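The chain contents come next:
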Amino acid sequence: MSFFCNFQSDRCPGAISGNPLNGLCEKVCLQAKKVFDACMQQSQLTDIVLNITNLTPQTPTYPLTFVSAKSTVSQGTVSNLLIEPLAERRNSARVKADITIPVSVAYVDANGVEGVATSTLTISKDVILNVPSASIMPYNVEAVVSLVSTQGSYTAENQFTIDACVSIILKIVMEVELLVPSYGYTAIPPCQEYTQEVCAGFFELPIYPE
């Protein structure tokens, strides 16, 4: 059983049925990360140079053959951040930053031995985002990143040149305390154990066709 596995309760996540005011019992203060603005840019980049390190196995036989590359985390590193408020647009600012994406590179060496290495890709972004007005609590700029590549070649010692699809989501966020209406604590159902029941589908069939 789970929230969404035939669990019927007025205190579980899901669609609201009937009057949404029914069952409200308190105001709850939640500490959360509020997103004030966000934007996404997706690009198909060519001729990206990746200098690889941390090769596993440590002593491959060169040259290497590129297999694939992908980002290893969803959170990019934001550096060289510059925020310039725009006088002509209220609460808007020019946000410039370098976004660094950790990358894992898969390859095959000259002897056909599969290997993996690490690298990073840094991309500069220059966008306009809405920022909150001045307050005691500071806001931050975060980046959600994703990279995938299946095309590349070995162009120098421990270096690949690749084409990649890259998605970057920039967000203006702040840790806040929000007051929200609540239906009380969630009812947690017991877990439903996974079993391979050979006859389950057969037994669920009706006796006669509909």
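If you're wondering where the values come from, they're calculated on a predicted model, not measured in any experiment.

Rules and cut-offs
Residues numbered from 1 in each chain as written. Predicted model: local features only at pLDDT ≥ 70, side-chain atom pairs only at ≥ 80, totals over all residues. Heavy atoms only, no water. Phe/Tyr/Trp six-rings, centres within 6.5 Å; stacked < 30°, edge-to-face > 60°. Buried < 20%, exposed > 50% of the residue type's maximum accessible area, 1.4 Å probe, protein only. Salt bridge = Lys/Arg side-chain N within 4 Å of Asp/Glu carboxyl O. Helix = DSSP H or I, 4+ residues; strand = E, 2+ residues; numbered from the N terminus. 1 Å grid on protein atoms, 1.4 Å probe; cavity = no way out; pocket = protein on both sides within 12 Å on 5 of 7 lines; lining within 4 Å. Points joined across faces, edges and corners; volume = space filled by probe spheres on them. Nonpolar A, V, L, I, M, F, W, Y, C, P; charged D, E, K, R; others polar. Disulfide = S-S within 2.5 Å.

Engineer: Now, about the packing of aromatic side chains: what can you tell me, with residues and values included?
Structural biologist: Tallying each qualifying case throughout the model produces three aromatic pairs. A centroid spacing of 5.4 Å and a plane angle of 65 degrees characterise the contact between Tyr 154 and Phe 160, whose relative ring orientation is edge-to-face. Note on Tyr 154: relative accessible area 22%, which makes it partly exposed.

Engineer: Outline the pattern of salt bridges, supporting the account with residue identities and numerical values.
Structural biologist: Tallied over the entire structure, the rule returns three salt bridges. Put simply, Glu 84 and Arg 94 hold a salt bridge, and the shortest N to O gap is 3.8 Å. Taken together, the residues span a long stretch of sequence, with Glu 84 in strand β4 (residues 75-85) and Arg 94 in strand β5 (residues 92-108) at a distance of 10 residues. You can call Arg 94 partly exposed: its relative accessible area is 31%.

Engineer: How would you sum up the layout of surface pockets? Please name residues and give values.
Structural biologist: The probe, sized like a water molecule, is rolled over the atoms to show the empty space still left. Looking at the largest pocket, its volume works out to about 480 Å³. What lines the largest pocket is a set of 21 residues, and nearest its centre among them are Ser 9, Asp 10, Arg 11, Cys 12 and Ala 15. For the lining of the largest pocket, the residue count by class is 10 nonpolar, nine polar and two charged.

Engineer: Can you break down unusual backbone geometry residue by residue, with the values?
Structural biologist: The linkage connecting Thr 56 with the following residue, Pro 57, adopts the cis geometry, with an omega of 0 degrees. Looking at the element boundaries, Pro 57 is found in the loop between β2 (53-56) and β3 (65-71). A cis amide bond, omega 0 degrees, links Tyr 62 with the succeeding residue Pro 63. You can see Pro 63 is positioned in the loop between β2 and β3. Even without being a glycine, Asn 80 presents a positive backbone phi close to 50 degrees. By the element assignment, Asn 80 lies in strand β4. For Asn 80, a relative accessible area of 59% translates into the label exposed. Even without being glycine, Asn 158 reaches a positive phi, approximately 55 degrees.

Engineer: Could you give me a rundown of the environment of Ile 16, with the residues and numbers involved?
Structural biologist: For Ile 16, the location among the structural elements is in the segment before β1 (26-51). Along the backbone, Ile 16 and Ser 119 are 103 residues apart, and their C-alpha atoms lie at a distance of 47 Å.

Engineer: Break down the state of the cysteines for me, with residues and values.
Structural biologist: In total, this model carries zero disulfides according to the counting rule given. Considering cysteine sulfurs only, Cys 12 is the nearest to Cys 25, which forms no disulfide, with 14 Å between them. The thiol sulfur of Cys 29 is not disulfide-bonded, and the nearest other cysteine sulfur, from Cys 25, lies at 16 Å.

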